[in-house]
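Architecture at a glance
Listed here are the chains, written in short residue letters.
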Amino acid sequence: MHRFFIPKPYRPVMTITGMDAHHIVDVLRMQPGDRVQVAADDGIRFVAEITETGRNTVTVRSVEILHESHEPSVRIALLQGLAKGEKMDWIVQKAVEVGVTDIYPLAMAHSVVRLESSRADKKIQRWQKIAESAAKQSKRDIVPQVHPVLPLEQALADAACDVTILAYESEDQTGLKAVLRAHPEARSFAVIIGPEGGIATEEAELARSHGAVAASLGPRILRTETAGLVAAVAILYETDNLEL
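Now for a description of the structure that goes with this document. (Residues numbered from 1 in each chain as written. Predicted model: local features only at pLDDT ≥ 70, side-chain atom pairs only at ≥ 80, totals over all residues. Heavy atoms only, no water.)

**Here's the deal with the packing of aromatic side chains**
Applying the stated rule across the entire model yields 1 aromatic pair. Where Tyr10 meets Phe46, the ring centres are 5.1 Å apart and the plane angle is 75 degrees; that geometry is what we call edge-to-face. Here Phe46 lies in strand β4 (residues 45-54) and Tyr10 lies in the loop between β1 (3-6) and β2 (13-17), a separation of 36 residues in the sequence. You'll find Tyr10 and Phe46 in the same group, each marked buried. (Phe/Tyr/Trp six-rings, centres within 6.5 Å; stacked < 30°, edge-to-face > 60°. Helix = DSSP H or I, 4+ residues; strand = E, 2+ residues; numbered from the N terminus. Buried < 20%, exposed > 50% of the residue type's maximum accessible area, 1.4 Å probe, protein only.)

Printed below as a string of structure tokens:
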């Protein structure tokens, strides 16, 4: 069953507008009487019956509240160094699919990409749309937020998690598993991933000064578009959020 998000608190009768309404009517060819899943922005999910369709509007009526959650019990913030080309699109999409809650694009010393404010705003809008699409496809209960492009220090302050992990290829003593098992009570995690050029020494020192713990992701060097997903899945597994 197709899922749609309405950025308003739950009401028994609600209206879907814009591109979602267009998708329901003109692409899916749904009619009054058909059913969809809806997630309101206060976290309530429900099965809804379409009662009326119009030009860019679809009115739905709640018929069943859904109590099963598709969200992990922990919050994961991905602090991702800007990657070139379409890699960031892919990172956002897959991060949302696996369960990441917030994505912070980072302007880092070794980033090939340099986004000026006007281009950055357009990119954020694009990535937010990708996040919403991925949230619908993966039946997320929320649409994870893609934050503005920030320097590392500001992102660390904004993310404010129980444990901050610096995925650092130069770390050869401490693995991610050891960090996670040392903090069994943690309910929120931030993961710092460098761009293609890696994390600069001064950036690693800055992260450590803000309480980040450097950790290896294993004996193989992972690409920037792979590392964050590996770390997120490992966190979900260690916190019993993956039933494999």
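The rest of the description comes next.
**Quick look at the packing of helix α2 (residues 87-98) against helix α7 (residues 224-238)**
Between α2 and α7, the shortest axis-to-axis distance is 9 Å and the interhelical angle comes to 10 degrees. Compared by their axis directions, α2 and α7 come out roughly parallel. In this structure, α2 contributes Lys87, Trp90, Ile91, Lys94, Ala95 and Val98 to the contact, and α7 contributes Thr224, Glu225, Leu229, Ala232, Val233 and Leu236. Of the residues belonging to the contact of α2 with α7, the class tally is 8 nonpolar, 1 polar and 3 charged. (Axes fitted to C-alpha atoms, helices over the stretch in contact; angles between N-to-C directions. Parallel < 35°, antiparallel > 145°, perpendicular 65-115°, else oblique. Contact = heavy atoms within 4.5 Å. Nonpolar A, V, L, I, M, F, W, Y, C, P; charged D, E, K, R; others polar.)

**Some words on the pattern of salt bridges**
Side chains carrying opposite charge are able to pair once their charged atoms draw close together. Per the stated rule, a full pass over the model turns up 12 salt bridges. One salt bridge connects Glu71 with Arg140, and the closest N-O pair in it is separated by 2.7 Å. On the criterion of sequence distance, the pair formed by Glu71 in the loop between β5 (57-66) and β6 (75-81) and Arg140 in the loop between α3 (117-137) and β8 (145-146) is long-range, its members being 69 residues apart. Linking Glu97 and Lys94 is a salt bridge whose minimum nitrogen-to-oxygen distance equals 3.5 Å. (Salt bridge = Lys/Arg side-chain N within 4 Å of Asp/Glu carboxyl O.)

**Section: the nonpolar core**
Membership of the largest hydrophobic core comes to 41 residues, with the highest contact counts inside it found for Trp127, Ile165, Phe189 and Ile235. Listing elements by their share of this core, those giving two or more residues are β6, α2, α3, β10 (163-167), α5 (176-181), β11 (188-193) and α7. Sort the elements by how many residues they give to this core and α3 lands first, with 7 residues. Setting aside residues up to four positions removed in sequence, Phe189 forms contacts with Val74, Arg75, Ile76, Ala77, Cys161, Val163, Ile165, Leu180, Ile235 and Thr239. Counting 20 residues, the second largest nonpolar core, distinct from the first, contains Ala77, Met108, Tyr168 and Ala207. (Core = buried A, V, L, I, M, F, W, Y, C linked by side-chain atoms within 4.5 Å.)

**A closer look at helix α4 (residues 152-159)**
Along α4, the residues classified as buried are Leu152, Ala155, Leu156 and Ala159. Buried residues along α4 cover an arc of 100 degrees about the axis, so they all sit on one side. As for α4, its buried residues are in contact with β6, β7 (102-107), β9 (150-151), β10, β11 and α6 (201-209). Positioned one or two residues after α4, Ala160 has a phi angle of 45 degrees, which is positive. (Arc of directions from axis to C-beta.)

**Focus: the pairing of β7**
β7 sits mainly inside the fold: 5 of its 6 residues count as buried. Summarising the sheet, β6 and β7 pair through 5 bridges and their orientation is parallel. Each bridged residue has a counterpart across the sheet, and for Gln80 the counterpart in β7 is Pro105. Crossover connection from β6 via α2 to parallel β7: handedness right-handed. Summarising the sheet, β7 and β8 pair through 2 bridges and their orientation is parallel. (Pairing = 2+ DSSP bridges. Right-handed = clockwise from strand over helix to strand, strands pointing away.)

**Re the side chain of Thr224**
Among the secondary structure elements, Thr224 is positioned in helix α7. Accessibility expressed as a relative area gives 7% for Thr224, which makes it buried. At 2.7 Å, the side chain of Thr224 forms a polar contact with the backbone oxygen of Gly194. Setting aside residues no more than four positions away along its own chain, Thr224 makes contact with Gln80, Gly81, Ala83, Ile91, Ile193, Gly194, Pro195 and Glu196. (Polar contact = N/O pair within 3.5 Å; in protein donor to acceptor, adjacent residues only side chain to side chain.)

**What about the sheet that holds β5?**
The 5 strands are arranged β1-β3-β4-β5-β2 in an open sheet whose pairing can be described as mixed. Looking at which strands have only one partner, the edges of the open sheet turn out to be β1 and β2. Pairs of neighbouring strands in the sheet enclose a mean axial angle of 45 degrees, with direction left out of account. Relative to β5, β2 runs antiparallel, the two being bridged by 5 bridges. In the sheet register, Thr17 faces β5, and the bridge partner there is Thr57. On top of the sheet, helix α1 (residues 18-27) reaches β1, β2, β4 and β5; it is set at about 90 degrees to β2, its chief contact.

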